[in-house]
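# Coordinates in review
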Amino acid sequence: MRNITYCDFGDFGKQYRDYVHGYLSISVCVFGSLANIFNICVLRTKNMRSPTNCILTGLALADLLVMLQYIPFTIHRNMSPNPLHYTHLNYSWAIFYKFHSLFTLVLHFIACSLTIILAVWRTVLVIVLTYVMCPLVCFPILFTLEITPYQQACTSEGIMVDRGQRHKYNSSDLRNQTVYVLYPNDPYNLSIWIYTMLLKFVPCVLLTLLSYKIIYALIEARRRRMKLLSGNKKLAEDAVKKTASAVQVYRENQADRTTHMLLAVLILFLVTEFPQAILGLISAVLGEVFLEECYAPLGDVMDIMALINSSITFILYCTMSRQFRTTFQDMFHLKEIFGWIGRPSSRSCLAEETRAETKMSLV
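Here the residue numbering is sequential within each chain, running from 1 through the sequence in written order. Where totals are concerned, whole chains, interfaces and linings use all residues; where local detail is concerned, this predicted model gives features only for residues with pLDDT of at least 70, and gives and counts side-chain atom pairs only at 80 or more. The side-chain quantities take in all heavy atoms of the structure and omit both hydrogens and water.

## A closer look at a nonpolar patch on the surface
Patch membership needs two things, relative accessible area over 30% and no salt bridge, and members are linked within 9 Å if like-charged or within 5 Å if nonpolar (Val, Leu, Ile, Met, Phe, Trp, Tyr). Note on areas: Shrake-Rupley, 1.4 Å probe, and residue coverage restricted to the protein chains presented here. Whenever Lys or Arg places a side-chain nitrogen within 4 Å of a carboxyl oxygen from Asp or Glu, that contact is recorded as a salt bridge. Nonpolar side chains collect at one region of the surface, where V124, L125, V128, L129, V132, M133 and L136 lie side by side and expose about 670 Å² of accessible area between them. Put simply, DSSP H or I for four residues or longer makes a helix, DSSP E for two residues or longer makes a strand, and each gets a number counted from the N terminus. If you trace the backbone, V128 turns up in helix α4 (residues 124-142). Look at V128 and you get partly exposed, because its relative accessible area is 46%. Buried, partly exposed and exposed residues are distinguished by accessible area as a fraction of the type maximum, computed with a 1.4 Å probe on protein chains only: under 20%, between the cut-offs, and over 50%, respectively.

## Re the packing of aromatic side chains
The geometry of two aromatic rings is summed up by the distance between their centres and the angle between their planes. Think of it this way: a Phe, Tyr or Trp ring, Trp meaning its six-membered ring, pairs with another when their centres are within 6.5 Å, and the plane angle makes it stacked under 30 degrees, edge-to-face over 60, tilted otherwise. In this structure the tally under the stated criterion is 18 aromatic pairs. Where F328 meets F332, the ring centres are 5.1 Å apart and the plane angle is 55°; that geometry is what we call tilted. Remark: F332 and F328 occur in helix α10 (residues 322-332); sequence separation between them is four residues, near one turn of the helix. Of the residues examined, F332 reaches a relative accessible area of 27% and is grouped as partly exposed. Clustering of aromatic rings is evident, with ring pairs tying together F38, F314, Y317, F324, F328 and F332.

## Digging into the state of the cysteines
Counting rule for disulfides: a pair of cysteine sulfur atoms within 2.5 Å. With the rule as written, the count across this model stands at one disulfide. Linked covalently through their sulfurs, C7 and C294 form a disulfide whose S-S length is 1.6 Å. Pair noted here: C7 is in the segment before α1 (10-43) and C294 is in helix α7 (residues 288-295), with a separation of 287 residues, a long-range link. The buried category is assigned to C294, whose relative accessible area is 3%. No disulfide involves C138; its sulfur sits 6.5 Å from the nearest other cysteine sulfur, which is in C134. For C138, a relative accessible area of 0% gives the class buried.

## Concerning the side chain of T144
For T144, the location among the structural elements is in the loop between α4 and β1 (145-154). Here the side chain of T144 touches I141 through a polar contact of 2.6 Å, landing on its backbone oxygen. Pairs of residues are marked as contacts when any of their non-hydrogen atoms sit within 4.5 Å. In contact with T144, not counting residues within four places along its chain, are Y183, P184, N185, D186 and S191. Nitrogen and oxygen atoms within 3.5 Å of one another constitute a polar contact, given that in protein one can donate a hydrogen and the other can accept it, and given that sequence-neighbouring residues count only through two side-chain atoms.

## Quick look at unusual backbone geometry
Peptide bonds are, in most cases, trans, and in most cases residues other than glycine have a negative phi. Cis geometry marks the peptide bond from N82 to P83; its omega dihedral reads 5°. Tracing the backbone shows P83 in the loop between α2 (51-78) and α3 (91-120).

## What to know about the pattern of salt bridges
Scanning all chains against the criterion turns up four salt bridges. Residues K14 and D18 are paired through a salt bridge, measuring 2.8 Å at the closest nitrogen-oxygen approach. A residue pair is termed a helical-turn pair when its members lie 3 or 4 positions apart in one helix, as K14 and D18 do in helix α1 at four residues. Put simply, R223 and E220 hold a salt bridge, and the shortest N to O gap is 2.7 Å. With R223 and E220 both in helix α5 (residues 190-231), this residue pair falls three residues apart, about one helical turn.

## What to know about the confidence of the model for the chain
Should pLDDT be low for a region, the predicted coordinates there are not to be read in detail. Scored from 0 to 100, pLDDT records how confident the predictor is in each individual residue. Confidence in the prediction of the chain, expressed as mean pLDDT, is 82, and 83% of residues score 70 or more. Within the chain, no element has a lower average pLDDT than helix α12 (residues 347-355), which sits at 40, and none a higher one than α1, at 94. Contacts for the low-pLDDT stretch residues 239-244, under 50 throughout, to residues beyond four places or in other chains number two contacts. Ignoring residues within four places in sequence, the model shows residues 344-363, a span with pLDDT below 50, making 37 contacts including any to other chains.

## Regarding the packing of helix α9 (residues 313-320) against α10
How two helices sit against one another is set out by the angle between their axes and by the gap between those axes. Fitting a line to C-alpha atoms yields each axis, with helices limited to the stretch in contact; the angle taken between N-to-C directions then spans 0 to 180 degrees. Here α9 crosses α10 at 105°, and the two axes come no closer than 5 Å. Taken as axis vectors, α9 and α10 run roughly perpendicular relative to one another. Contacts between α9 and α10 involve F314, Y317, C318, T319 and M320 from the former and R322, F324, R325 and F328 from the latter. An angle below 35 degrees is treated as roughly parallel, one above 145 as roughly antiparallel, one from 65 to 115 as roughly perpendicular, and anything else as oblique.

Encoded structure:
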């Protein structure tokens, strides 16, 4: 018997899983899939191509794959028919659940790695290597999950009967059928330590440090710019120099807006991933009791947070990048479809923004 109780989230987790998570996750996945398709289409246009946007495209692809794969999983798990037929837990679905466990883990790790790369290094080769190396790192977890058959009491029609309801039936009316479930076989907690430390905690610490450096670089760049503009009064008297200065300030503002957007991506990722990393680390240290009482009941809540994080980037790009908004409107002819009337803008300013390469302040 257990003599330690850390928390009691069992009822909350069950109520959320049974009545909320299925419908909410389907809605988020449908929206997120469309949003990430839009992200990929816009970021791959000619005027949006840049090293930074290439990584954002790889990130959108990982998020899209997570969304598409999660839809059949949540329909089968959270929207199962009632009463439940024993074929609902057949061997094929057990294999799918095992695939789902590794597939989503790999893609979350890829997204986390690309977010780190977004802040420090931007090349196509690194993106390809990330998609190759992350599955190899996660592969050992595959051997900690076993498909286990067990005998389930069912009616003659194949409807599963819970143990607490068997007294309502005659023994002659029940028969055993084989169902399959995914069972963790990890006596050394290998999967918990890999998931917590390598896939969650260490990347979150790196992202925290990188976010701090980006914020510091933004503050320093703004301070230097203000000092330069306030100290050089001759620029206002020289028309040529004034024009050159205006273009330079415009380009610097473009880089600042891009850096602010990337910083928002990093912070959003941290808000989603850090709670999972901390709870996973505590579970690895305290053991099965904390894992079952605290971490497992909150699993669906952490899933929906990750799904929302994967679907909200489209809103973030539209809010913080005028170039993204303009390209999205032109690509899908939104002004013609909805009769939107945009504000008049300078052609030279629009051309300059179209030609400007998306950049990020060096840290």
